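Inside the fold
Below, each chain spelled out in residue letters.
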Amino acid sequence: MKNKLYHGAAYYPELWDKSVIDEDIKYMKKAGINVIRMGEFAWAKMEPVEGQIDVSFFVDIIKKFYAHGIDTIMCTPTPTPPIWMSYGHPERMYVEKDGTVMSHGARQHICTNNSYFRERARIITEKISKVLGNLPGLIAWQLDNEFKCHVGECMCETCKQLWHKWLEERYGTIENLNELWGTQIWSESYLSFDQVPQPLPTPFLHNASLTTMYQIFSREKIAEFAEEQAAIIRKYSKVPITHNSCLGFRVDNECLFKNLDFAGVDGYPHSDEYQNFIVKFDRFRNVKKGRDFWVLETSTSHTGALTRVGKTHKKGYLAVEAVAAYALGAKGFCYWLFRQQRTGCEISHGSLISTWGKPTIGYAEVLEVEKTRKEIEPIFIKTKTVQAEFAITYSDRAKVFLTTENHKNLDYRSIMTDFNTDVLELGIHRDLINENEKLEGYKVLFTPFMPYVSEEYLQCAKKFAEQGGIWIIGPLTGGRTKEHTVHTNAALGNIEKIAGVETLYTYHIEGTGSRGKAFGISAELGLWSAVFKPIEAKVMGVIEGGPSHGQAFITEHQLGKGKIVMLGSMPMGENGRKMIKNVLDHYAKEAKIILRLDVSKGTIAVPRKGKDNLLWVIINMDGEGGKVILPTEGIDVLTNETLLAGVLEIGKYEYRLIQQK
Amino acid sequence: MKNKLYHGAAYYPELWDKSVIDEDIKYMKKAGINVIRMGEFAWAKMEPVEGQIDVSFFVDIIKKFYAHGIDTIMCTPTPTPPIWMSYGHPERMYVEKDGTVMSHGARQHICTNNSYFRERARIITEKISKVLGNLPGLIAWQLDNEFKCHVGECMCETCKQLWHKWLEERYGTIENLNELWGTQIWSESYLSFDQVPQPLPTPFLHNASLTTMYQIFSREKIAEFAEEQAAIIRKYSKVPITHNSCLGFRVDNECLFKNLDFAGVDGYPHSDEYQNFIVKFDRFRNVKKGRDFWVLETSTSHTGALTRVGKTHKKGYLAVEAVAAYALGAKGFCYWLFRQQRTGCEISHGSLISTWGKPTIGYAEVLEVEKTRKEIEPIFIKTKTVQAEFAITYSDRAKVFLTTENHKNLDYRSIMTDFNTDVLELGIHRDLINENEKLEGYKVLFTPFMPYVSEEYLQCAKKFAEQGGIWIIGPLTGGRTKEHTVHTNAALGNIEKIAGVETLYTYHIEGTGSRGKAFGISAELGLWSAVFKPIEAKVMGVIEGGPSHGQAFITEHQLGKGKIVMLGSMPMGENGRKMIKNVLDHYAKEAKIILRLDVSKGTIAVPRKGKDNLLWVIINMDGEGGKVILPTEGIDVLTNETLLAGVLEIGKYEYRLIQQK
Amino acid sequence: MKNKLYHGAAYYPELWDKSVIDEDIKYMKKAGINVIRMGEFAWAKMEPVEGQIDVSFFVDIIKKFYAHGIDTIMCTPTPTPPIWMSYGHPERMYVEKDGTVMSHGARQHICTNNSYFRERARIITEKISKVLGNLPGLIAWQLDNEFKCHVGECMCETCKQLWHKWLEERYGTIENLNELWGTQIWSESYLSFDQVPQPLPTPFLHNASLTTMYQIFSREKIAEFAEEQAAIIRKYSKVPITHNSCLGFRVDNECLFKNLDFAGVDGYPHSDEYQNFIVKFDRFRNVKKGRDFWVLETSTSHTGALTRVGKTHKKGYLAVEAVAAYALGAKGFCYWLFRQQRTGCEISHGSLISTWGKPTIGYAEVLEVEKTRKEIEPIFIKTKTVQAEFAITYSDRAKVFLTTENHKNLDYRSIMTDFNTDVLELGIHRDLINENEKLEGYKVLFTPFMPYVSEEYLQCAKKFAEQGGIWIIGPLTGGRTKEHTVHTNAALGNIEKIAGVETLYTYHIEGTGSRGKAFGISAELGLWSAVFKPIEAKVMGVIEGGPSHGQAFITEHQLGKGKIVMLGSMPMGENGRKMIKNVLDHYAKEAKIILRLDVSKGTIAVPRKGKDNLLWVIINMDGEGGKVILPTEGIDVLTNETLLAGVLEIGKYEYRLIQQK
């Protein structure tokens, strides 16, 4: 890939005539589209009849686009297996949790673990890698499309057998599994791995361990499929490999991207919910830390499917969405899709060009993006994203635990988005890091809602604190073991000693009239909570009212040069949000975090690093305008204007590129 | 049938002893019941054991009733196939969309496409036609009962095979289907018709074309069953054939009644929602245009089933319900049911006589109906319903399209009811016409929410406009092709040229801050919308705010002697309703519609035509009283009172029959 | 069992090491736990491999506990059949109403009617009875655990065959069934019992008789299983047998406990809903009238499962919950569970000791219970619960009828709880009696929401009235026959004559503007109602407005020395509650009920009988404090203080034991 900002769109040349494609290329050039993504749904075009593979059509397309200065990201076509693979083969189909066998239709209808599917997937992947892998203009590969966006854990017979094998590899003996899962409870004990059920319908809930492990099994298996595809491609092609993932799909992104080359993300939040976009950038920049990620899909205007149509963006938003993406580490910013679908189930989805060949409501917005892109490109390619000082662990394994044990419909993704937004609104630059990420360079580590804290994580974070970092633990962190059981040595296992506390009780504090008082504010406490007795720690937050009146829910403990902060309960409501912000702000200040600017709500500040200076990208995201307080004099690198320290007004959907002196 | 107003009730003689029947006949005569409907659930009585058919019981009953001056509508008993047909034959049962195979029980549990069911249905139909077809007192046949009231599209194996055959007949070659449905998308392409799935569960949505076509297939098949039954009956009997349909069942009434003799409708709205009744009269009067329809079922008081009980009508309502029905074209007004069920699942449903043989809460209301009927009969049999000048197309095909593509739970029936109520409240007489109806005699044609406008419809309506009519198109009309795909020549296909506009964009306008300003009012705009650039047309409504600020959403275009009016977006909320009324009122006035009276809300005005005069039936439907402004002097034909032009007060649930001079 | 108050907990020794058990015993002794319940989920421990039974572990445990002064209630382990019984045997599994076959996992996954399950259940029950049945310290048996708490009516093949047999035994001939169920309706008629379907999915509702009878069949079958188990145990053991039931499970408690020795109940209402606990005591004290019942499960603090966590009790509540239970007839008060689960799906449920071996948030509350228990024990063992004068029939058969015919989601349990709470708040002692209970000693009998009134019940209650009792009938009582059909002689069958009324109409009165006026108050009327014409009765409540304006909805009729009161409609809303209280208060006064005290809301008064005096236990249940008016002087038996007649203040969660002079 070149050192430039890519501006792209998904394209489906297999659906259109040559004349339409030629027309589209003209529009692409007008709109500054310099890369297209294609092929992900084209298996039937490539192999209309089993074994009759011909991908020359795509060779021609890639060449044609290249001739027009447009690069290509090519996809493996595995999300939509053709009818010849599913017809007459119910045993190949994905099976729902309630036992429903999927019919042919839509996408992801075949189980990705099915051996025949895998065989055909290998063959088609090998073929397209071989034929297209070294074409000029091919800059990257995308595997499949949005793994597990429509489906979760399959219950087919193949999966059952793989599950048993996986369990055997994980646990060695059935006795070991029985002991670790505590299956003596409810007489669940198994005599052999073959007997361990998939989490199919039962009169009440399955054992937590079983439910959690089946999800982890499923996530590992889809990552294996990705690895298998990547390995085939690498035999024939040198360009990097990615996937278009998201926060909402039933995958473990850390695991999925481990052996891929760069991260890709899809994103469709409405302009009113720009925070839901920012959290994706903060997360996917850190899925493959140190490498640029791509926004592989976003809408020019609105989402649309037969049974739901999304709200259309506010005018002027799209350009700042793009600026925010590029500023926060995106190398490419791509739309889904270039030309509105003529058929299928997404015919109402936003695009650049309509089915009848005219610019859409979003097209003018795209022109604004392109104008913007051209303006920022010279500056952005000379600067890089900066590692944050404030890290939050975003763990898809934690999400699995909280799916199994959701207490009362807890939603990990929205909880984490809220935390990220809190930090964003404090003006602090943040990284949403992998569970197994190294902690060098961070000053604060925040670990909320991670029921299972591995010994490796604990040691790594402990060392981080000892060397001067501040580690904030909780709420809902640490109370479960690797196998999704309860600790027998202490409520929070080995965390307590390190944190200098003893957990007196864990219980459901919500609705008991318990309020937390800490950092100058009082808020109702909620969710499953841990109440602390300080052993070596200092009490920082006290519970008032309720069954544990007077006890601690926030403590801090000096450890080496740093600190361990325990947050045992979830502050609720508006005051709760304020308390969380106060806590994070307090420790950010104590940790002397400098990558922060004082911004008004709705406006964000993104730092980028040049050769020997810091560039702040200030963007109004909410269309209401806002302001930022510049701590020192700076230069607007687009206008060369000198900006004095102090308040700087930011217009509606305005962005400024300010080099700090 | 005689030239009279029928007053009837459903009756189940197979459930009661002779003595009860004799008692009931006495009550019928007291209450003026002059026709009964029976037989629809009596298959087990007629053929208790497979092949042992004996319908003499019903011969005797018909004769007995006839002897008492009571006519009969006889039904084919096919909605409740006996246990001997279903026992041990899961392959004959109806299959739900989720794959659930129906058990024996309730009604409609066997698939009407099953060949064995059809064979037995033919035999029993032939038998009863032969034996009962020419009995004195038999005035009509009803086929089956409420086709598809409990079920929708069956997914059984028989249906699958018929589906493939239907597709082959419709599309000829699989290549043609692939092209028209655009199945290259998502690699759906089929190699043979056999491979085209039924719309069974998939991880995401099926292709729009497939979903829509399966519904149309199902609607055609049930109509075929009706035709088959009708053809058998006609071999043996001369009396006309109908069916008791409704707006909510999963049938296409235009298609279903095509080969039947007159329309029948069931209706159970509560007295507070009388509008939901009026819309049925306006629609079913036009399903078989020019022929009287029947209200085959309504409740004397309230609906009732084990798990839901309806509200009881207000006192005094039932008589005006009957007057409205008769005035709007009903030849018969029948209750479901005469005697409360002793057993089953509808034991709490309103009736005339209770299970224990006493008058019910509704009985006194029925006596009022009969009093009223006697009063109006001499006048009504000398007058006829009048074709309206204002036509609204009510298309069950449009409903199918909007079921497949419901955007955000759009409900065609309630939308159309609202439009009809708008026109009703303007005091304008209206026809809810078939999609393929001729347009002679109309002055305004309104075509809302009809995604697919056929070329025939378009040409017919165009001609209508050229000859002086005003055609109002939209919202949500015209944007889809026959195959439920998107046009490739223009957003609304061939409509645009005729309307003198170009559609700039189609998009989801709701929630974007866009307001429409037109006809003296401003309202928020909603739903999937088309934004126009006038080519030859005049802008009549402009969008303010949002992404298409300043563009047109209402245009009008002179075409020949008439006009094409485009309504591109849905005005929302209370102001939206007012705007719609303003639009319709404006063009009704411009079209010089004269079949209208200025009535207050809750009071309706129904025109009927005598030999050389116009009779206005004014009815207070809401029990609150109201008024009407008489444009000229008139005579109350019941009292011979002369009524001056000007305001006439109408009492609570009062009706007046006023002959206009 | 000894004459003492038991204080117990569920315990799972099979899940823990000896050292943990030893530690737990220490805590038990500290907390005054004098009985444990165990074994209900331990089948796999007892019989890990099919046929290899060894229960010596439990012998040792019982002996060990006995040595520490702790008695045992031993359970049969049948709610959790081991994997060797279900693996590879889908035909043994429970089948949902929608046809879903349960997978292995959770509890109650195997159908209790399956013959192989029953064989294995007999074997294991015989074995444990033989080996453990005469151990010292074993004070009772509990059968299984919470029959039908997770499941309802099974639809498996075994159940189908038993259903047909049950029908044949009940109805003799299929013709009889057809006649009684009225299956001629909708052509349902069956030619043989084999053909009668289970209530599996159908397009609409099944016949009421079928739906009701399948539920009754299922309830009889689970009671048969209980009897079978009890009979085996009795061969080897002399200690009494119980079961831990509830109001919410799909059983008929009257039927289930018929052949058991004493009643047991589980209860988890939150402290804010203490009324939901009182109703259980009032009911289960009367399931086996004259015998103490046990609270076999309650939480020390809160409930908890993976996907839902209950609110934690208010501080101080648990002790008064225990006092109320003991006062109202509980011999034992037991927690679920002693030690928090380490694994499974209830890891967040409240307990006494945490998984990591420390006292929980509830532990201090348990210490309060024990302090209280010690205080009241000497007094309670010398007093007994008193039969109330006010009886309300609580019929699980009525509940079945109202499940089949729920009108609009009527919930029998919550309706009956409301009525019980009304009487409770009037300060009147009440019995919630079995349908077939004798009526000696009662002064008022209230029979609400009992659609089917058997001839035996009618005669018994009639005699009760003739001898001086007041029988209040309705709402919704009497309108259905034994077979869940409608009467043909009168709306309410034979009740009407006895009550001196004729029912004019039954209909759905709600929403019709009908208000009832009676006993000094006016309230909106609701639900399915009966409107009366007094024949010999006196009108006590009149309907105003609506379709039956001016008619009676409450009547009373002198019958011998007593009265029959008809309550034909349900008074709704706040005023409705007041009217119901006024009615009940009026007749309680008329009947000269003396077992009542004037208490403020939130405080309850429970009478107990000593040798020759009456002890009133006054308890503040809502934690807000309250008062009671003592009618005469009394003595506080705990303090020997003399209390004057008049107002006595009761502190927050305070209780007083007052001997009336």
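Residues numbered from 1 in each chain as written. Chains lettered and ligands numbered in written order. Predicted model: local features only at pLDDT ≥ 70, side-chain atom pairs only at ≥ 80, totals over all residues. Heavy atoms only, no water.

Residues and elements named next belong to chain C. The terminal C-alpha atoms of helix H5 (residues 115-132) lie 25 Å apart, and with 18 residues this matches the ideal 26 Å at 1.5 Å per residue to within 8%. Here H5 has its buried residues at Tyr116, Phe117, Arg118, Arg120, Ala121, Ile124, Thr125, Ile128, Ser129 and Leu132. On the buried face of H5, the contacting elements are helix H2 (43-46), helix H3 (56-67), strand S3 (71-75), helix H4 (83-86), strand S4 (138-142) and helix H8 (208-236). At the N-terminal end of H5, a side-chain oxygen is found 3.0 Å from the backbone nitrogen of tyrosine 116, two or three residues along, and the residue is asparagine 114. (Helix = DSSP H or I, 4+ residues; strand = E, 2+ residues; numbered from the N terminus. Expected span 1.5 Å × (residues − 1). Buried < 20%, exposed > 50% of the residue type's maximum accessible area, 1.4 Å probe, protein only. Contact = heavy atoms within 4.5 Å. Polar contact = N/O pair within 3.5 Å; in protein donor to acceptor, adjacent residues only side chain to side chain.)

This part is about the side chain of lysine 399 of chain A. All names here are of chain A. With respect to the helices, strands and loops of the structure, lysine 399 is situated in helix H13 (residues 396-404). At 4.7 Å, aspartate 396 is the nearest oppositely charged side chain to lysine 399, a buried residue that forms no salt bridge. Once residues within four sequence positions are removed from consideration, lysine 399 is found in contact with Leu247, Gly248, Phe249 and Tyr412. (Lys, Arg positive; Asp, Glu negative; His and termini not counted. Salt bridge = Lys/Arg side-chain N within 4 Å of Asp/Glu carboxyl O.)

Residues and elements named next belong to chain A. For chain A, the assigned domains read domain 1 (6-79 + 115-146 + 237-382), domain 2 (390-590) and domain 3 (599-660). Contact between domain 1 and domain 2 buries roughly 1,700 Å² in total, counting both sides, with carbon and sulfur atoms accounting for 43%. At the junction of domain 1 with domain 2, the criterion picks out two salt bridges. As a salt-bridge pair, aspartate 282 and arginine 430 come within 2.6 Å of each other at their nearest N and O atoms. Our count for the domain 1 to domain 2 interface comes out at 14 residue pairs in polar contact (both at pLDDT 80 or more). For the side of domain 1 that touches domain 2, the secondary-structure elements that each account for two or more residues are helix H9 (253-256) and helix H10 (275-287). (Domains from an automatic or database assignment. Buried area = accessible area lost by both parts, 1.4 Å probe.)

Okay, the relation of the copies chain C and chain A next. Structural alignment of chain C on chain A gives an RMSD of 0.0 Å, achieved by rotating through 120 degrees and translating 0.0 Å along the axis. Such values leave the two copies arranged in the relation of a three-fold axis. Identified as the residue of chain C closest to the rotation axis by C-alpha distance is threonine 100 of chain C, at 5.8 Å. (Least-squares fit on C-alpha atoms with pLDDT ≥ 70 in both.)

Next up on the list: unusual backbone geometry. Omega for the bond connecting glycine 474 of chain A with proline 475 of chain A falls within 30 degrees of zero, at 0 degrees, which places this linkage in the cis form. On the secondary structure map, proline 475 of chain A appears in the loop between strand S16 (470-473) and helix H16 (495-499). Residue asparagine 640 of chain B is not a glycine yet carries a positive backbone phi of 65 degrees. Looking at the element boundaries, asparagine 640 of chain B is found in the loop between strand S29 (634-636) and strand S30 (642-643). Judged by its relative accessible area of 62%, asparagine 640 of chain B falls in the exposed class. Notably, serine 187 of chain C is not glycine yet its phi reads approximately 55 degrees, a positive angle.

Moving on, we get to the pattern of salt bridges. Here the structure, examined in full by the defined rule, presents 134 salt bridges over all chains. One salt bridge in this structure joins lysine 311 of chain A and aspartate 272 of chain A, with 3.1 Å as the shortest N-O distance. Of this pair, lysine 311 of chain A sits in the loop between strand S10 (308-309) and helix H11 (317-327) while aspartate 272 of chain A sits in the loop between strand S7 (264-266) and H10, and the two are 39 residues apart along the sequence. Owing to a relative accessible area of 36%, lysine 311 of chain A belongs among the partly exposed residues under this scheme. Linking glutamate 368 of chain C and lysine 371 of chain C is a salt bridge whose minimum nitrogen-to-oxygen distance equals 3.9 Å. Pair noted here: glutamate 368 of chain C and lysine 371 of chain C are both in helix H12 (residues 363-380), with a separation of three residues, about one helical turn. Accessibility expressed as a relative area gives 59% for lysine 371 of chain C, which makes it exposed. Three or more residues are tied together by salt bridges with common partners; here these are Asp282, Arg285, Arg430 and Asp431 of chain A.

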